[in-house]
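A closer look at the structure
The chain contents come next:
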Amino acid sequence: MDIVVFGAGALGSLVGGLLAREHQVTLVARDPHARRVAGQGLRVVGELDAHTRPRATTEPTHEDLSCDLALVTVKAYDTEVAAEVLAAGDPDLVCSLSNGLCEGTLAERLGDRVLAGSATYGAELVGPGEVRCTGVGRIHVGEFADDRLDSDEDDAASDRAERVAAAFRECGLDCTADPAMPRRRWEKLAVNAGINAVTALARVPNGALADGPGREVARRAARETARVARAEGVDLPDERAVDAVDTVVAETAANRSSMRRDVESGNRTEVDAINGAVVDRGRDRGVDTPTNRTMADLLRTWERNRIGE
Ligand SMILES: NC(=O)C1=CN([C@@H]2O[C@H](COP(=O)(O)OP(=O)(O)OC[C@H]3O[C@@H](n4cnc5c(N)ncnc54)[C@H](O)[C@@H]3O)[C@@H](O)[C@H]2O)C=CC1
Ligand SMILES: CC(C)(CO)C(=O)C(=O)O
């Protein structure tokens, strides 16, 4: 496959670097990372080990963007720009692995070429040209557009999702084509809504939510997310969302969540696409989301002061 990875920071470099084992991959990244990858290739260290030679550029051409698959791995708040740039090319398929509900923004410009995706691999950029795998996880891809989804969730995944998953597996990535991506996206949103904001605000590792008051706040945020999902027609029971939070807390106990890392390094967070999205969609559907609203307000207060508005 001819694959473009748009926004090759930590996750995009890990996935793109591994995909370059078998496919023609172009990383769209920023310098000095792009320059180093173009010159010396990309090193994957940590829990996985690889040295591959994807192409890398800061300014993709129309030809670069006319590929079989464009993987979007920018932070959620950069999705609109990613959609705009990709729409100037001609990718056959586009799939976001970002957290938050980013597919709608992509579909506005790229239509039914958009697949939904989610990733639980852990990645950190060590420096230019080098990415560390901090956790071997799983990738799921599947249909996003309503008119392409089968009503029976037990049905097989679509052919095009199967094709993408097979291309990932060829390179050693654990990837499954999922016929029930809407539920998976909302379940992941519940996990992020529960864990990320609480750990960022309380400055604790994920494992601190295994018991005590932090656990209760995370569970409340996840239950609210499940209620909004159901109001949108997605079958996500409260217990399933809460179990997902508990499982990820146990599996990533020693991790600093991405939102905590953002806050501790003074960077913008993805709160708008996570807790903010739960609040906004809840408001549209008449579902109250007080826990998510409070956490989103607190994080936005921090963000506004960080950038001196
Ligand atoms: N890092 C991880 O372990 C995981 C991350 N995610 C999600 O994946 C997304 C990406 O996360 P990270 O890779 O950690 O973030 P990151 O900040 O390391 O990577 C995003 C990259 O996109 C680049 N970028 C943005 N706009 C660009 C443009 N117009 N042209 C070229 N490059 C551009 C940025 O420079 C940055 O390097 C987030 O939504 C995150 O929540 C999901 C699962 C795991
Ligand atoms: C799953 C979790 C919570 C792991 O830390 C994550 O996705 C994140 O930190 O953004």
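Rules used throughout
Every chain begins its residue count from 1, and numbering advances along the sequence as written. Chain letters start at A and ligand numbers start at 1, both assigned in the order the entries are written. At least 70 in pLDDT is required for a residue's local features to be given in this predicted model, at least 80 for side-chain atom pairs to be given and counted, and no such filter applies to totals for whole chains, interfaces and linings, which use all residues. Note: side-chain values were computed over all heavy atoms of the structure, leaving out hydrogens and water. UniProt positions are given in the numbering used here, feature names are shortened, and annotations may be inferred rather than shown by experiment. Put simply, DSSP marks the helices as runs of H or I at least four residues long and the strands as runs of E at least two long, and each gets a number from the N terminus on. Two strands are counted as paired when DSSP detects at least two bridges linking them. Each axis is a line fitted through C-alpha atoms, and for a helix only the stretch in contact is used; angles between axes span 0 to 180 degrees, taken between their N-to-C directions. Residue contacts follow a heavy-atom distance rule, with two residues in contact if any of their heavy atoms lie within 4.5 Å. Each angle receives one of four descriptions, namely roughly parallel if under 35 degrees, roughly antiparallel if over 145, roughly perpendicular if within 65 to 115, and oblique otherwise. Left-handed describes a crossing in which the near helix is turned anticlockwise from the far one by less than a right angle; the clockwise case is right-handed. Note on residue classes: Ala, Val, Leu, Ile, Met, Phe, Trp, Tyr, Cys and Pro are nonpolar, Asp, Glu, Lys and Arg are charged, and everything else, Gly too, is polar. In what follows, salt bridge is the name for a side-chain nitrogen of Lys or Arg lying within 4 Å of a carboxyl oxygen of Asp or Glu. Note on classification: 1.4 Å probe, protein chains only; a residue is buried when its accessible area is under 20% of the maximum for its type, exposed when over 50%, partly exposed between these limits.

Moving on: the UniProt feature "domain: Ketopantoate reductase C-terminal" (unreviewed entry) in the protein chain. Look at the UniProt record and you will see "domain: Ketopantoate reductase C-terminal" (unreviewed entry) annotated at residues 183-301. Measuring from the first to the last C-alpha atom of residues 183-301 gives 31 Å, for a span that is 71% helix and 0% strand.

Once that is clear, we can look at the sheet that holds strand β10 (residues 130-135). Overall, mixed pairing links the four strands, which are arranged β4-β3-β10-β9 in an open sheet. With partners counted over all chains shown, the strands left at the sheet margins are β4 (50-52) and β9 (122-127), one partner each. Within the sheet, the average angular offset between the axes of one strand and its neighbour, ignoring direction, is 25 degrees. Bridge count for strand β3 (residues 42-46) against β10 is four bridges, and the pairing is parallel. Following the sheet pairing, V44 is matched in β10 by V131. Of the strands in this sheet, β3, β4, β9 and β10 touch helix α2 (residues 33-40), which is tilted by about 100 degrees from β3.

Running from amino to carboxyl end, helix α7 (residues 212-231) crosses helix α8 (residues 238-251) at an angle of 140 degrees, the nearest separation of the two axes being 8 Å. Accordingly, the angle class assigned to the pair α7 and α8 is oblique. Our pair here, α7 against α8, has a crossing hand that is right-handed. Along the contact surface, α7 presents R215, A218, R219, A222, R223, A226, R227 and R230, while α8 presents D238, A241, V242, V245 and D246. Tallied by class, the residues present in the contact of α7 with α8 amount to six nonpolar, no polar and seven charged.

A separate point is the pattern of salt bridges. A side chain with one charge can pair with a side chain of the opposite charge if their charged atoms come near. Inspection of every chain in the model, using the stated rule, returns 22 salt bridges. The partner of R281 in a salt bridge is E232, and the shortest N-O contact between them spans 3.0 Å. Taken together, the positions of R281 in helix α10 (residues 275-285) and E232 in the loop between α7 and α8 put the pair 49 residues apart, joining distant regions of the chain. Given the relative accessible area of 26%, R281 is considered partly exposed. A relative accessible area of 26% means that E232 is categorised as partly exposed. By sharing partners, the salt bridges in this structure join R215, R219 and D246 into a single network.

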